[in-house]
Amino acid sequence: VKEAACVAIGAVLGSSTEVESTLSLVEKNMVACMDTKEELAVQQAIANGLCITARLQPGLFRTQEGLVLINSALKMAMSGAQRVQFSYNDFLWIALEVQN
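Residues numbered from 1 in each chain as written. Predicted model: local features only at pLDDT ≥ 70, side-chain atom pairs only at ≥ 80, totals over all residues. Heavy atoms only, no water.

A. Examining the nonpolar core more closely. Among the nonpolar cores identified, the biggest contains 28 residues, and Met34, Leu50, Phe61, Tyr88 and Phe91 are the most heavily contacted of them. Looking at this core, the elements with two or more residues in it are helix 1 (2-15), helix 2 (19-33), helix 3 (40-56), helix 4 (67-77) and helix 5 (82-95). Here this core takes seven residues from helix 3, the largest share from any one element. Apart from residues lying up to four places away in sequence, Phe61 is in contact with Leu50, Thr53, Ala54, Gly66, Leu69, Ile70, Phe91 and Ala95. (Core = buried A, V, L, I, M, F, W, Y, C linked by side-chain atoms within 4.5 Å. Buried < 20%, exposed > 50% of the residue type's maximum accessible area, 1.4 Å probe, protein only. Helix = DSSP H or I, 4+ residues; strand = E, 2+ residues; numbered from the N terminus. Contact = heavy atoms within 4.5 Å.)

Structure, rendered in structure tokens:
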């Protein structure tokens with residue numbers, strides 16, 4: 001259930017019309033799920049939710065408002081299990097618009 005909630009929170013944030021205020025409401029919970037002590041499935045699910053947000057709100061994570069989540073994702077991309085690292089690498093690739 002927690003995994004589904006992590007993905008859903010990314011979709012809610014991505015489809016929000018008031019993304020800055022929504023981000024301030026959910027950011028603390030999202031960062032809490034981005035903990036190496038959390039289950040691997042939850043860590044991957046929050047990365048998937050962040051990927052959804054990054055696709056629906058391009059550029060959000062390149063602003064001051066998205067800095068906390070980018071920093072937490074960078075930490076996760078460099079630690080923990082390899083499959084979790086790959087999930088966060090995918091998110092960072094999308095959020096930082098590396099393909100452009």
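We are not done yet, so read on.
B. Quick look at the pattern of salt bridges. Within the structure shown, the criterion is met by two salt bridges. In this structure, Glu38 and Lys2 form a salt bridge, with 3.1 Å as the shortest nitrogen-oxygen distance. Of this pair, Glu38 sits in the loop between helix 2 and helix 3 while Lys2 is found in helix 1, placing the two residues 36 residues apart along the sequence. Residue class for Glu38 comes out buried when judged on its relative accessible area of 18%. Glu97 serves as the salt-bridge partner of Arg62, at 3.3 Å between the closest nitrogen and oxygen. On the criterion of sequence distance, the pair formed by Arg62 in the loop between helix 3 and helix 4 and Glu97 in the segment after helix 5 is long-range, its members being 35 residues apart. (Salt bridge = Lys/Arg side-chain N within 4 Å of Asp/Glu carboxyl O.)

C. Highlighting the environment of Gly59. Within the secondary structure layout, Gly59 lies in the loop between helix 3 and helix 4. For the pair formed by Gly59 and Ile94, sequence separation is 35 residues and the distance between their alpha carbons is 9.5 Å.

So yeah, pure geometry; function would need other evidence.
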